[in-house]
Amino acid sequence: MVTNTNVLLDQIALSVESGLQLQQGLGNGRQLFTVNGMKFTLTELLWRRMTEIYGHKWTSAFGEEPLATWDNALALITPAMVRMGLNRLAPSTKHVEWPPGALEFRQLCLPRSEDVGLPAF
């Protein structure tokens with residue numbers, strides 16, 4: 001069964017934002033999200049989406065399965081922030097040819113001044 005990870009990420013982000021309980025702790029600081037009976041970490045959902053976007057470039061650079069480096073980089077990142085980071089990939093010319101690394105993607109996920117109505121620096 002092929003799952004649309006955009007839909008999964010949106011469902012998780014909206015559920016977390018609205019306070020529904022789709023996640024439970026794993027005991028190691030990571031969250032486990034249950035969507036349509038399947039359990040994923042946020043990094044696993046991101047991995048699936050990035051593989052869809054970048055294909056072989058993603059898996060050759062970062063592997064078939066999520067790395068601990070990515071779990072660490074996304075430790076305090078919420079599903080809504082991941083969604084924002086994914087949305088920032090498309091208009092960015094920097095990441096058209098090659099996917100961002102863990103710290104670059106984290107930076108894409110972080111709120112910017114213009115996100116809260118302040119002027120950009």
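Let us look at the structure shown here.

Summarising the element assignment, Leu-110 is placed in the segment after α6 (102-109). By relative accessible area, which is 25% here, Leu-110 ends up partly exposed. Through-space distance from the C-alpha of Leu-110 to that of Met-84 is 8.1 Å; in sequence the pair is 26 residues apart. Residues contacting Leu-110, with those up to four places away along its chain left out, are Ile-77, Met-81, Met-84, Arg-88 and Asp-115.

With 4 bridges joining them, strand β2 (residues 31-35) and strand β3 (residues 38-41) adopt antiparallel strand pairing. From the neighbouring strand, Val-35 faces β3, where its bridge partner is Met-38. The hairpin formed by β2 and β3 contains 2 residues between the paired strands, and Asn-36 there has a positive phi angle of roughly 50 degrees.

It is worth spelling out the pattern of salt bridges at this point. Applying the stated criterion to the full structure yields 3 salt bridges. A salt bridge links Arg-49 to Glu-52; the nearest nitrogen and oxygen atoms lie 3.0 Å apart. In this pair, Arg-49 and Glu-52 both sit in helix α2 (residues 42-54), 3 residues apart, roughly one turn of the helix. Among the residues examined, Glu-52 registers a relative accessible area of 40% and is labelled partly exposed. Salt-bridge contacts for Lys-57 lead to Glu-97; the nearest nitrogen and oxygen are separated by 3.6 Å. With a gap of 40 residues between them, Lys-57 in helix α3 (residues 56-62) and Glu-97 in the loop between α5 (79-89) and α6 connect regions that are remote in the sequence.

Turning our eyes to something else, we now look at the packing of aromatic side chains. All told, the structure shown has 7 aromatic pairs when counted by the stated rule. Where Trp-47 meets Trp-58, the ring centres are 4.9 Å apart and the plane angle is 75 degrees; that geometry is what we call edge-to-face. Taken together, the residues Trp-47 in helix α2 and Trp-58 in helix α3 connect sequence positions 11 residues apart. Under the relative-accessibility criterion, Trp-58 is labelled buried at 0%.

As for its placement among the helices and strands, Leu-42 is situated in helix α2. Linking Leu-42 and Thr-78, residues 36 residues apart in sequence, is a C-alpha distance of 8.3 Å.

Let us now look at the nonpolar core. In a soluble, globular protein the nonpolar side chains are often hidden away together inside. If you look at the biggest cluster of nonpolar residues, it comprises 20 residues, and the most contacted ones within it are Leu-46, Met-50, Trp-70 and Phe-105. Elements with a minimum of two residues in this core: α2, α3, α4 (68-73), α5 and α6. For this core, the leading source of residues is α2, giving 5 residues.

At their nearest, the axes of α2 and α5 sit 11 Å apart, and the two run at 15 degrees to each other. One element, α2, and the other, α5, form an angle in the roughly parallel class. For the element pair α2 and α5, the recorded crossing hand is right-handed. Taken together, the residues of α5 that come into contact with α2 (itself represented by Leu-42, Leu-46, Arg-49, Met-50, Ile-53 and Tyr-54) are Pro-79, Val-82, Leu-86 and Leu-89. When grouped by side-chain class, the residues that make up the contact of α2 with α5 number 9 nonpolar, no polar and 1 charged.

Conventions and cut-offs
Residues numbered from 1 in each chain as written. Predicted model: local features only at pLDDT ≥ 70, side-chain atom pairs only at ≥ 80, totals over all residues. Heavy atoms only, no water. Helix = DSSP H or I, 4+ residues; strand = E, 2+ residues; numbered from the N terminus. Buried < 20%, exposed > 50% of the residue type's maximum accessible area, 1.4 Å probe, protein only. Contact = heavy atoms within 4.5 Å. Pairing = 2+ DSSP bridges. Salt bridge = Lys/Arg side-chain N within 4 Å of Asp/Glu carboxyl O. Phe/Tyr/Trp six-rings, centres within 6.5 Å; stacked < 30°, edge-to-face > 60°. Core = buried A, V, L, I, M, F, W, Y, C linked by side-chain atoms within 4.5 Å. Axes fitted to C-alpha atoms, helices over the stretch in contact; angles between N-to-C directions. Parallel < 35°, antiparallel > 145°, perpendicular 65-115°, else oblique. Left-handed = near helix turned anticlockwise from the far one by under 90°. Nonpolar A, V, L, I, M, F, W, Y, C, P; charged D, E, K, R; others polar.

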